[in-house]
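# Structural characterization, general
Letter by letter, the chains look like this.
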Amino acid sequence: MAGCSDAQSVLNPHGAEAESIALLFWITAIGGALIWLAVVGALIYAGRRHRKPYSQASAARLVLWAGAVVPSILLAVLLGYALALIPDLRPLAASADDDRLHIEVIGEQFWWRVIYHPPDGQPVVSANEVRLPVGERVTFSLKSTDVIHSFWIPPLGGKMDMIPGRTNTFSLKATKAGIFRSPCTEFCGPSHALMAFTAVAMKPGRFDRWLANEGKEAVNGKPGLKPFLANGCGACHAIRGTEADGAVGPDLTHLASRKTLAAGSLPNTEDAIARFIAEPDEVKPGVRMPAFGMLPQDEIDAIAAYLARLE
Ligand code: CUA
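Residues numbered from 1 in each chain as written. Predicted model: local features only at pLDDT ≥ 70, side-chain atom pairs only at ≥ 80, totals over all residues. Heavy atoms only, no water.

Quick look at the packing of aromatic side chains now. Aromatic ring pairs: the centre-centre distance and the angle between the two ring planes describe each pair. Applying the stated criterion across every chain yields a total of 10 aromatic pairs. Ring centres of Tyr116 and Phe207 lie 6.5 Å apart, and the angle between their planes is 55°; this geometry places the pair in the tilted category. Separated by 91 residues along the polypeptide, Tyr116 in strand E2 (residues 111–117) and Phe207 in helix H3 (residues 204–214) bring together distant segments of the chain. The class for Tyr116 is buried, based on a relative accessible area of 0%. Looking at Phe207, the relative accessible area reads 3%, which means it is buried. Taking 5.9 Å as the distance between ring centres and 90° as the angle between the ring planes, the aromatic pair formed by Phe151 and Phe170 counts as edge-to-face. Of this pair, Phe151 sits in strand E6 (residues 149–151) while Phe170 sits in strand E8 (residues 168–173); the two residues are 19 residues apart in sequence, bridging distant segments of the chain. Judged by relative accessible area, Phe170 falls into the buried class, the value being 2%. (Phe/Tyr/Trp six-rings, centres within 6.5 Å; stacked < 30°, edge-to-face > 60°. Helix = DSSP H or I, 4+ residues; strand = E, 2+ residues; numbered from the N terminus. Buried < 20%, exposed > 50% of the residue type's maximum accessible area, 1.4 Å probe, protein only.)

As structure tokens, this is what we get:
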């Protein structure tokens, strides 16, 4: 129960779809509890108060009504209600070419490539964090480059798999601002449990300002860029505005503005960045990034100091 209100709970809805799911859950849970109380009450009544046999006819009536008719009606009503929710859960209008904000999320072992496609503007590449404006329906297109992953922001709505070779499209609408933890929900390898992203629902004006900044090039001129480039980091990672233009790993242009590091594995601090550079495989078994622990510590620290300022 302590987990019911946290950043990863379906019982703490902040989105239109999650509100429907939570309401259905409460109706089912409370209805189930009431029926359970009625059955236990009948059991106690039969055992304590009514200790004489029923006639054949009244026993048959009891079985017919309490065992067949009433449960059938209740389940049919519940089924009808749940089916009526489905168009809400997966709006058919979600397509990659509507005029809404469209966010492409691509599952990788073990991180998330995130590309924002605003209706009017250039695509913005980011990673491991999904931000969306409150009150606007956003279309997601979900892909994978390697194995099946699954995309889920529990306080906003239902989940959908990310399957290699196909694009799954759905939409979500945040109704309240908040910061949520979104775990990968399909086993995808040794660091499946370390594959999460932060979802941030924010006021539309703040979101627009954030996206405008996210689309800018990195602010430059820090000494750590030199060892970053000299050690080949730019072959895998892009930092827009520098020579680093690799597309294998996460885009680092605005790394410091993210809430977490390494897809939810570490807090986003300078020390954690240095640790991840030196021993990524210790933090995240099976990670594709090679370890750079052989570099002199002052070079690692300089790179970490540089990355930690890329806001
Ligand atoms: Cu990606 Cu589990």
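It is worth spelling out the sheet that holds strand E10 (residues 196–202) at this point. Spatial strand order, E4-E10-E9: 3 strands in an open sheet with mixed pairing. Two strands bound the open sheet, and with one partner strand each, they are strand E4 (129–133) and strand E9 (178–183). Direction aside, the axes of adjacent strands within the sheet are offset by 20° on average. For E9 and E10, the ladder comprises 6 bridges, and the chain directions are antiparallel. Note on E10: the bridge partner recorded for Ile179 is Val200. Helix-sheet contacts for H3 involve E4 and E10, and the interaxial angle to E4 is about 135°. (Pairing = 2+ DSSP bridges. Axes fitted to C-alpha atoms, helices over the stretch in contact; angles between N-to-C directions. Contact = heavy atoms within 4.5 Å.)

Where empty space is left becomes clear once a probe the size of a water molecule has been rolled over the atoms. In this model, the largest pocket occupies a volume close to 630 Å³. Forming the walls of the largest pocket are 33 residues, and the residues nearest its centre are His237, Gly249, Pro250, Phe276 and Met289. Contributing elements (two or more residues each) for the lining of the largest pocket: E2, strand E11 (260–261), helix H5 (270–278) and helix H7 (297–307). Broken down by element, the residue count for the lining of the largest pocket peaks at 3 residues, all from H5. (1 Å grid on protein atoms, 1.4 Å probe; cavity = no way out; pocket = protein on both sides within 12 Å on 5 of 7 lines; lining within 4 Å. Points joined across faces, edges and corners; volume = space filled by probe spheres on them.)

Our focus in this paragraph is the environment of Gly234. The residue Gly234 is located in the loop between helix H4 (225–230) and E11 in this model. Considering only alpha carbons, one finds Gly234 and Leu142, 92 residues apart in sequence, at a separation of 26 Å. When residues no more than four places from it in sequence are discounted, the contact partners of Gly234 are Phe228, Ala244, Asp245 and Gly246.

This paragraph deals with the domain arrangement of the protein chain. In terms of domains, the protein chain is made up of domain 1 (6–89), domain 2 (102–214) and domain 3 (225–307). Relative placement of domain 2 and domain 3: their C-alpha centres are 21 Å apart. Contact with domain 2, which involves 23 residues of that partner, is made by 21 residues of domain 3. Note on domain 2 versus domain 3: buried area summed over both sides is about 1700 Å², and carbon and sulfur give 45% of it. On inspection of domain 2 and its partner domain 3, the count reaches 0 salt bridges. Across the contact surface, domain 2 and domain 3 share 13 residue pairs in polar contact (both at pLDDT 80 or more). (Domains from an automatic or database assignment. Buried area = accessible area lost by both parts, 1.4 Å probe. Salt bridge = Lys/Arg side-chain N within 4 Å of Asp/Glu carboxyl O. Polar contact = N/O pair within 3.5 Å; in protein donor to acceptor, adjacent residues only side chain to side chain.)

Turning our eyes to something else, we now look at helix H1 (residues 16–49). Compared with the 50 Å implied by 1.5 Å per residue over 34 residues, the 48 Å span of H1 between its first and last C-alpha is a close match. Taken together, the buried positions of H1 are occupied by Glu17, Ala18, Ser20 and Ala22. (Expected span 1.5 Å × (residues − 1).)

The next point concerns the pattern of salt bridges. In total, this model carries 7 salt bridges according to the counting rule given. Across the pair Asp251 and Arg240 runs a salt bridge, and its minimum N-O distance is 3.7 Å. Of this pair, Asp251 sits in the loop between H4 and E11 while Arg240 sits in the loop between H4 and E11, and the two are 11 residues apart along the sequence. A relative accessible area of 7% places Asp251 in the buried class. The exposure class of Arg240 is partly exposed, given its relative accessible area of 23%.

Here we take up the pairing of strand E1 (residues 102–108). Of all 7 residues that make up E1, 7 are buried, and the element is covered over most of its length. Burial of the side chains of E1 extends over both faces: His102, Glu104, Ile106 and Glu108 are buried on one face and Ile103, Val105 and Gly107 on the other. Relative to E2, E1 runs antiparallel, the two sharing 7 bridges. Following the sheet pairing, Gly107 is matched in E2 by Trp112. If you look at the hairpin formed by E1 and E2, you'll find 2 residues sitting between the two strands. Sheet analysis places E1 next to strand E5 (residues 137–144), joined by 6 bridges and oriented parallel. Bridge assignment links His102 to a residue of E5, and that residue is Thr139.

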